[in-house]
Amino acid sequence: MPALTVGFDLDMTLVDSRPGIAAAFRALTARTGVPVDADLAVSRLGPPLRTEIAHWFPPEQVESAVLAYRELYPAYAITPTLPMPGAREAVEGIRAKGGRVLVVTAKMGRLARLHLEHLGLAVDEVAGDLFAEQKATALREHGATHYVGDHVADMVAAGVAGVPGIAVATGPCSPDELRAAGASMVLDDLTGFPAALDGMIQLAWE
């Protein structure tokens, strides 16, 4: 029986980064003069940053805009970000059972770590700059037994990694969309995670 090792997505799964990301996009607009609808951008978090930037910048400016955004991010996006309801208790519940906690995210690893350190969410590993099927590589590498996320792409990642996908309906995807993408369990949010953990463990051993 493998050791309990739970992977989590970051944005809208463990942390509500919408206020911080919106602030970073507004700072990007101020720097570049290119208007970005920050509220629209944060309503569809999940895909890689380049995907969002490409909605606003011409192709030849996408890479420079990505670099500028990431340069601005620490000053604008970390402080306003909050833990999602139940995030601390979810992490603590896993540790109480002797488990390990991973974060596997589309965000750059160094920026993800800034969020985790600021909020005092202690995890064992962080793997960044990965999306959808790419996340499965990190999940396998670190021996994940489950993957928790808010996006259909997270459920795809779990499926490719061969582990149960635990969905939280706190992001842009509906419970029905998450189930259709292969979620083994759908929670309203992480407040229900500790009570559901025993059932999740059983899913991994079936």
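Only a predicted model underlies this, so the values are computations on that prediction, with no experimental measurement involved.

S.K.: Help me understand the pairing of strand β7 (residues 165-168) in this model?
M.R.: Within a regular strand, side chains alternate between the sheet's two faces. Neither face of β7 is left uncovered, since the one carrying G165 and A167 and the one carrying I166 and V168 both have all their residues buried. Relative to β7, strand β6 (residues 146-149) runs parallel, the two being bridged by 3 bridges. Paired with Y147 across the strands is G165, a residue of β7. After leaving β6, the chain enters helix α8 (residues 152-161) and then returns to the sheet as β7, a path that is right-handed. Here β7 runs beside strand β8 (residues 185-187); their pairing, made up of 3 bridges, is parallel. What sits directly across from V168, in β8, is L187. Of the crossover connections in this fold, the one passing from β7 over helix α9 (residues 175-180) to the parallel β8 is right-handed.

S.K.: Would you explain the pairing of strand β4 (residues 100-104) in this entry?
M.R.: A large share of β4 lies buried, amounting to 4 of its 5 residues. Across 4 bridges, the pairing between strand β1 (residues 5-8) and β4 is parallel. Paired with T5 across the two strands is R100, which belongs to β4. Bridge analysis of β4 against strand β5 (residues 125-127) gives 3 bridges, and the strand direction is parallel. Its bridge partner lying in β5, V103 is registered against V126. For the segment spanning β4, helix α6 (residues 109-119) and β5, crossover handedness is right-handed.

S.K.: Honestly, the sheet that holds β5 in this entry has me stumped. Any pointers?
M.R.: Through backbone hydrogen bonds, the strands of a sheet pair up, either in parallel or in antiparallel fashion. Read from one edge to the other, the open sheet built from 6 strands follows the order β5-β4-β1-β6-β7-β8, with strand pairing classed as parallel. Only two strands of the sheet have a single partner each, and these edge strands are β5 and β8. Neighbour to neighbour, the strand axes of the sheet diverge by 20° on average, direction disregarded. Here 3 bridges tie β1 to β6, and the two strands are oriented parallel to one another. Among the inter-strand pairings, F8 is bridged to a residue of β6, identified as V148. The sheet contacts of helix α5 (residues 87-96) involve β1 and β4, and relative to β4 the element is tilted by about 140°.

Conventions we followed
- Residues numbered from 1 in each chain as written.
- Predicted model: local features only at pLDDT ≥ 70, side-chain atom pairs only at ≥ 80, totals over all residues.
- Heavy atoms only, no water.
- Buried < 20%, exposed > 50% of the residue type's maximum accessible area, 1.4 Å probe, protein only.
- Helix = DSSP H or I, 4+ residues; strand = E, 2+ residues; numbered from the N terminus.
- Pairing = 2+ DSSP bridges.
- Right-handed = clockwise from strand over helix to strand, strands pointing away.
- Axes fitted to C-alpha atoms, helices over the stretch in contact; angles between N-to-C directions.
- Contact = heavy atoms within 4.5 Å.

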